[in-house]
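One-letter residues, chain by chain:
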Amino acid sequence: MASGSIFNISRYAVHDGPGIRTTVFLKGCPLRCWWCHNPEGVSQERSLMFFEYKCILCKTCAGVCPAGAFSFANNLHHLDRTSCNNCGLCSETCPTEALSHAGRMIAVTELMQEIEKDVLLYDNSGGGVTFSGGEPLLQHLFLNEALTECKNRDLRTVLDTSGYASEAVLSSVLDRVDVILYDLKLADEEEHRKYTGVSNNPIKENLRMLADRGRGRDVILRFPVIPGITDTQKNVDALVEFISTLKGINEIDLLLFHDVSEKYHRLGMEYQMPVRQAPAPSKIKYIKERFESIGLYVKT
Amino acid sequence: MISLESLNSPADEKHARSTAQQEIIFREAETVNDSSGCVAALKEMQKKRAAVSPMNERIARLRERSMRAEVRISGERAALITNFYQSGIAAGKSFPVQRALAFKYLMEHVSLPVEDGQLIIGLRGTGPQEVPTYPEMCTHSLKDLEILNSRANMPYRVDDQTAELYKTKVIPAWKGNALRDIIFDNLSGEWLDAYQAGIWTEFMEQRAPGHTAGGERIFASGLLDVKKEIRAKMLEQKTSEPEYFDKIEELKAMDIAADAMLTYAGRYVEILEKMAGEEEDDERKKELTEMARICRRVPAHAPQDFWEALQHYWFVHLGVVYETNPWDSYNPGRLDQHLYPFYEKDLAEGKLTRERAKELLEAFWIKFNNQPSVPKVGVTAEESFTYTDFTKINIGGLKKDGADGVNEISYLLLDVLDGIRTMQPNTAVLVSDKNPERFIRKALKVVRPGFGEPPFFNFDGVIIKMLRQGKKLEDARTAGVSGCVETGAFGKEAYILTGYFNLPKILEITLNNGIDPQSGKRLGLETGNPAGFQTYDELGEAFIKQVKYFLDIKMQGNDLIEALFAKYMPVPFLSLWTDDCVARARDYNAGGARYNTQYVQIVGLGTLAYGLTAIKYHVFDKKTFSMPELLAALRQNFAEKYEVMRQIILNKTPRYGEDDDYTDAIAKKIVNDIVEMIESYPPSPVRRASKRAYFLPTTAHVYFGKVTGATPDGRKAGIPVSEGISPVQGSDKKGIAAVFRSVSKCDWDKTGGALLNQKLTPDLLEGEENLEKLAQLIKTFFNMGGHHVQFNVVSVALLREAQQRPQDFQDLMVRVAGYSDYFVNLPKGLQDEIIARTEHKAV
């Protein structure tokens with residue numbers, strides 16, 4: 001059986017598709033969105049997080065680190081990430097979990113044990129399993145096997161994807177996916193490259209492919225409302241125009257921006273977002289109405 | 001000789017958390033030492049209270065007066081009962097007849113307050129919030145009264161006149177003669193030692209054995225019907241039978257008790273008629289006239305309409321709580337089932353509207369709120385947490401024939417609860433698979449504003465529990481829950497709670513080879529120095545031996561106390577309404593009820609399971625540290641160098657509540673072993689009561705925490721132990737689905753009930769879709785075998801506290817946007833935003 005890298009399994013997930021679900025977050029993403037709310041899911045390697053408030057300065061980490069990445073001066077804990085080789089000894093031994101790693105390898109069999117714990121909840125609510133990330137299609141072999149195991153157990157599945165994958169990879173999972181949560185961020189190619197690091201062509205092509213194959217009704221679009229980046233009139237208009245050419249798509253969910261700079265800080269990553277405030281309600285209302293104008297059900 | 005003053009186990013107050021306000025204060029107290037958070041949370045709740053919207057001006061006025069009145073001690077009952085026993089009326093009479101005559105004397109002489117605008121008449125005490133005392137059960141000392149009067153938290157005001165009355169009359173009359181004195185005179189030294197060490201509390205040292213609820217009998221018969229039944233039974237008795245005298249005396253007593261209540265109602269008729277005559281407002285004049293008519297009809301006859309039914313029950317309730325001070329103030333049982341036929345009939349006849357029914361129910365609600373619990377003796381300023389007397393209104397469940405029991409009154413009761421938001425009475429939503437999901441969703445809407453009410457119960461599980469105990473199917477289907485989470489056959493069972501039982505303390509004693517390190521006294525058995533244990537199982541066995549040793553002592557005490565109550569404190573009035581006391585010519589306290597049960601309430605499952613897991617995992621399996629090191633750390637209260645060990649325990653141990661079989665198996669075994677052990681005791685000698693277990697703490701886990709040193713779960717000395725069957729506070733970091741599954745691995749059907757607290761953030765209750773999912777989650781939990789769950793909808797104040805002390809709120813899950821996350825792990829900005837959002841929604 002295959003193993004995959006995941007960074008979380010969330011039970012009683014009530015916003016990742018129909019009913020009550022267990023959401024599996026697969027680690028690793030080809031995109032580098034400036035606003036990413038799950039920066040710990042970007043790298044496929046495990047990511048070391050430091051929660052300063054939990055640290056009791058016991059210096060256990062300094063004692064076990066072979067790379068000497070930890071030092072203490074003036075009663076402050078210092079982590080030198082450039083010398084860290086991500087061996088994991090510190091988070092294994094840190095008594096307070098001030099140091100902890102996001103991400104671990106899990107075999108499909110173990111994953112299925114976790115998933116099966118809440119079968120009654122899925123049954124009673126029409127829920128199931130959601131594969132999210134990161135970008136779950138990045139580990140498509142693992143994903144494929146997990147989906148097959150889900151279907152062997154008659155579980156309903158949701159794929160939460162950026163759409164950034166080869167057509168072949170996306171096609172390979174479709175027969176075992178009931179609902180697809182599909183991100184649409186920026187319509188303009190150049191802007192897409194700037195803010196996410198990748199082209200939006202495969203994303204648009206894959207979405208069209210889904211619509212053309214009659215799977216549009218299984219797609220729920222997700223639009224991150226990012227102030228000054230995705231919420232411009234130009235972008236919304238262009239997306240509206242694009243979506244209106246696709247058959248069968250009925251719903252779009254708005255995901256509102258939040259400042260998560262501390263998460264980046266915890267991971268030693270740079271947070272590139274120029275603005276930090278949440279989108280204005282008037283903006284949200286405008287976007288909602290625009291999408292509604294082409295007959296979409298809009299959820300906020 | 002141990003003085004009685006020193007024996008009080010003050011945290012033995014029953015079920016202090018019937019409202020979210022108390023819950024939040026309480027939760028904070030569990031994890032927080034300073035009080036600023038409590039104040040903030042309290043203010044938040046006060047704000048929410050401002051949003052309360054009772055139906056009309058009358059109810060608003062009644063409610064306002066009920067909420068604002070100062071709680072006071074009323075000396076009237078104490079004076080009357082003392083007069084009675086000094087008068088010589090009782091001399092030479094049998095105990096049942098003495099008690100009946102005492103009750104009659106009370107009913108002939110107590111004041112008859114009428115709350116302005118009320119629709120239901122009769123009140124225990126001299127006015128709203130004026131609380132009578134029961135010196136014949138336990139006598140307050142002058143110091144008690146002084147503390148009650150002056151303490152900052154939940155005072156009971158005592159005026160000079162009452163203090164003088166106690167000094168000159170009540171205390172001299174009862175000192176040494178109260179039932180409490182007799183009980184303590186008869187208990188063994190071992191019992192007293194264990195009690196003093198905080199291994200258990202005792203329910204009946206201050207209050208009468210009351211845990212029971214009203215059933216169909218009340219709504220189907222009047223006192224004249226019952227008197228007829230009594231007369232017939234008297235004629236049936238044969239002098240050739242050995243119990244002839246006892247039975248005749250009991251029946252005589254019941255008859256006197258029935259007359260007493262007829263007298264009380266008759267006195268009110270006079271007052272109401274007089275008031276009606278003097279009333280200038282035409283509407284009120286009509287009402288008073290109608291109320292007088294109703295009081296001529298009930299409680300003498302069975303009620304015939306909705307209003308009469310409420311008034312009739314209220315007379316019964318008053319009688320029960322005037323006669324003695326029973327634990328868990330009596331309740332009207334399955335109220336929606338009882339009232340629905342009256343409601344339906346009145347609607348059809350055009351004499352009632354839904355609005356009027358709601359108004360009557362609201363007026364009824366306020367009656368309960370006007371009667372705070374009777375304060376204990378020996379209380380101190382920081383103890384005794386509540387004014388609540390724990391009347392519980394049951395809503396939903398099944399009908400006697402097994403069909404869906406949800407009816408229009410069920411929804412009406414939820415509406416009343418939603419609008420009125422008084423501290424008393426509390427409620428129970430009984431959920432069966434046969435109930436419509438709409439009913440659960442409606443109840444969740446009432447949970448939404450965050451008052452902690454109503455809690456949810458697995459009614460199909462209640463039926464299984466009742467059947468397992470040998471009850472008839474019909475009696476199981478008309479059963480319910482009272483107090484906190486206690487199942488019982490309503491109207492037919494005396495299920496008497498005997499005291500909380502401190503499992504973590506017994507672990508402490510086990511780890512000290514039978515010695516209580518708090519006092520240095522040997523209290524338990526010598527089960528061996530744990531440093532010498534080679535396997536985890538040796539520790540497990542030693543622990544179970546200690547539990548058995550202490551239970552032996554507790555059970556002897558239970559049986560003795562039961563016998564004393566049977567002999568000295570019969571309750572002929574309560575017996576009138578409990579099947580089959582009249583038919584058997586036997587008192588409720590002497591085994592007259594159809595079913596008789598004796599419960600021990602187990603406390604600290606989470607702390608114990610976590611502690612045992614930590615030992616198994618770190619000492620025996622992973623060998624992270626040795627037993628001597630752990631014992632040293634416990635002795636040092638995890639100070640200084642042992643803080644690292646404590647952190648390892650807190651963060652690197654499989655935790656009960658996170659759906660991990662390693663530790664859940666330990667919890668399951670504890671539950672099984674203890675239930676089996678308790679049920680292995682023979683039936684009690686007088687009532688022939690079976691011995692059973694509840695898993696609920698009320699507030700005893702705070703008291704038990706105070707008397708228990710550091711425990712191997714990383715808990716420091718003095719901190720509250722875990723409550724109910726909930727995981728250790730702050731340790732369940734995998735969310736509600738994991739908690740539900742962990743908890744439901746234990747076999748709760750073998751218990752009488754188990755209490756589970758869960759926190760929710762307001763957003764999880766927002767919108768129809770979320771309510772639907774939550775309803776499905778609750779149903780699934782009950783399908784898996786859970787008994788009860790109540791939700792704390794987290795307040796802003798609590799979120800702020802969490803920001804200040806993240807380490808204490810690790811398990812607080814909040815909804816962010818497209819996902820949920822742990823609040824303390826969120827960036828500060830996002831936390832602020834969520835707080836702002838929550839605050840906005842609270843307005």
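Residues numbered from 1 in each chain as written. Chains lettered and ligands numbered in written order. Predicted model: local features only at pLDDT ≥ 70, side-chain atom pairs only at ≥ 80, totals over all residues.

### Concerning the overall build of chain A
Consideration 1: A count of helices and strands for chain A gives 11 helices and 13 strands.
Consideration 2: For chain A, the spread of C-alpha atoms along the three principal axes comes to 60 × 45 × 35 Å.
Consideration 3: Across the 300 residues that make up chain A, the buried fraction comes to 46%.
Consideration 4: A sequence separation of at least 24 residues applies to 72% of the contacts in chain A between residues at least 6 apart. (Helix = DSSP H or I, 4+ residues; strand = E, 2+ residues; numbered from the N terminus. Buried ≥ 20, exposed ≤ 12 C-beta atoms within 10 Å, placed from the backbone. Contact = placed C-beta atoms within 7 Å.)

### Some thoughts on the sheet that holds strand E13 (residues 757-760) of chain B
All names here are of chain B.
Consideration 1: Reading across from one edge, E3-E4-E5-E14-E13 is the order of the five strands in this open sheet, with mixed pairing throughout. Each edge of the open sheet carries a strand with a single partner, namely strand E3 (392-396) and E13. Across the sheet, the mean angle from the axis of one strand to that of its neighbour is 30°, orientation sign disregarded.
Consideration 2: Here helix H19 (residues 459-468) sits on the sheet and contacts E3, strand E4 (426-431) and strand E5 (456-458); the angle it forms with E5, its principal contact strand, is near 45°. (Pairing = 2+ DSSP bridges. Axes fitted to C-alpha atoms, helices over the stretch in contact; angles between N-to-C directions.)

### A short note on the interface of chain A and chain B
It is common to give the size of an interface as the accessible area that goes away when the parts come together.
Consideration 1: Facing the 28 residues of chain A at the interface are 32 residues of chain B.
Consideration 2: Broken down by secondary-structure element, the contributors of at least two residues to the side of chain A that touches chain B are strand E1 (3-13), helix H4 (119-125), strand E12 (251-256) and helix H10 (261-267) of chain A.
Consideration 3: The leading source of residues in the side of chain A that touches chain B is H4(A), at four residues.
Consideration 4: Class assignment of the residues belonging to the side of chain A that touches chain B gives a composition of 13 nonpolar, six polar and nine charged. (Nonpolar A, V, L, I, M, F, W, Y, C, P; charged D, E, K, R; others polar.)

### Notes on the packing of helix H21 (residues 503-511) of chain B against helix H22 (residues 536-568) of chain B
All names here are of chain B.
Consideration 1: The interhelical angle for the contact between H21 and H22, taken along N-to-C directions, is 120°, at an axis separation of 9 Å. The pairing of H21 with H22 is recorded here as oblique in orientation. Here H21 and H22 pass one another in a crossing that is right-handed. For the pair H21 and H22, the contacting residues are Ile506, Leu507, Ile509 and Thr510 in the first and Ala542, Phe543, Gln546, Val547 and Phe550 in the second.
Consideration 2: Across the contact of H21 with H22, the residue classes tally to seven nonpolar, two polar and no charged. (Parallel < 35°, antiparallel > 145°, perpendicular 65-115°, else oblique. Left-handed = near helix turned anticlockwise from the far one by under 90°.)

### Focus: the domain arrangement of chain A
All names here are of chain A.
Consideration 1: Assigned domains within chain A: domain 1 (3-44 + 105-299) and domain 2 (47-102).
Consideration 2: Using C-alpha coordinates to define each centre, domain 1 is positioned 33 Å away from domain 2.
Consideration 3: Listed per partner, the contact involves six residues of domain 1 and six residues of domain 2.
Consideration 4: Looking at the side of domain 1 that touches domain 2 residue by residue, the class counts come to two nonpolar, two polar and two charged. (Domains from an automatic or database assignment.)

### Some thoughts on the environment of Glu149(A)
Residue and element names in this part refer to chain A.
Consideration 1: When you line up the elements, glutamate 149 lands in helix H5 (residues 140-152).
Consideration 2: Judged by local crowding, glutamate 149 falls into the partly exposed class, with 19 C-beta atoms found within 10 Å.
Consideration 3: Glutamate 149 sits 40 residues away from threonine 109 along the chain, and the two C-alpha atoms are 8.7 Å apart.
Consideration 4: What glutamate 149 contacts, discounting residues up to four positions off in sequence, is Val108 and Met112.

### Notes on helix H8 (residues 201-212) of chain A
Residue and element names in this part refer to chain A.
Consideration 1: For H8, spanning 12 residues, the distance from its first C-alpha to its last is 16 Å, which sits close to the expected 16 Å at 1.5 Å a residue.
Consideration 2: Three or more residues of H8 are buried, namely Ile203, Asn206, Leu207 and Leu210. All buried residues of H8 lie within an arc of 100° about the axis, which places them on one face of the element. The outward face of H8, more than 90 degrees from its buried face, is lined by the exposed residues Asn201 and Asp212.
Consideration 3: Lining the buried residues of H8 we find helix H6 (167-174), strand E10 (179-183) and strand E11 (219-225). (Expected span 1.5 Å × (residues − 1). Arc of directions from axis to C-beta.)

### With respect to helix H5 (residues 95-109) of chain B
Residues and elements named next belong to chain B.
Consideration 1: For H5, which comprises 15 residues, the first-to-last C-alpha distance of 21 Å matches the rise-based estimate of 21 Å (1.5 Å per residue) to within 8%.
Consideration 2: Counting buried positions along H5 gives 11 out of 15 residues, so the element sits mostly inside the fold.
Consideration 3: Every buried residue of H5 is listed here: Pro96, Val97, Gln98, Arg99, Ala100, Leu101, Ala102, Phe103, Lys104, Leu106 and Met107.
Consideration 4: Contacts made by the buried residues of H5 are with helix H4 (76-87), helix H12 (244-278), helix H14 (306-323) and helix H23 (572-577).

### Things to note about the environment of Arg21(A)
All names here are of chain A.
Consideration 1: Considering the arrangement of structural elements, one finds arginine 21 in strand E2 (residues 21-26).
Consideration 2: The exposure class of arginine 21 is buried, given the 30 C-beta atoms found within 10 Å.
Consideration 3: In the structure, arginine 21 is positioned 108 residues away from valine 129 in sequence and 5.3 Å away in space, judged by C-alpha atoms.
Consideration 4: Apart from the residues within four sequence positions on either side, arginine 21 is in contact with Ala13, Asp16, Gly127, Gly128, Val129, Thr130 and Val158.

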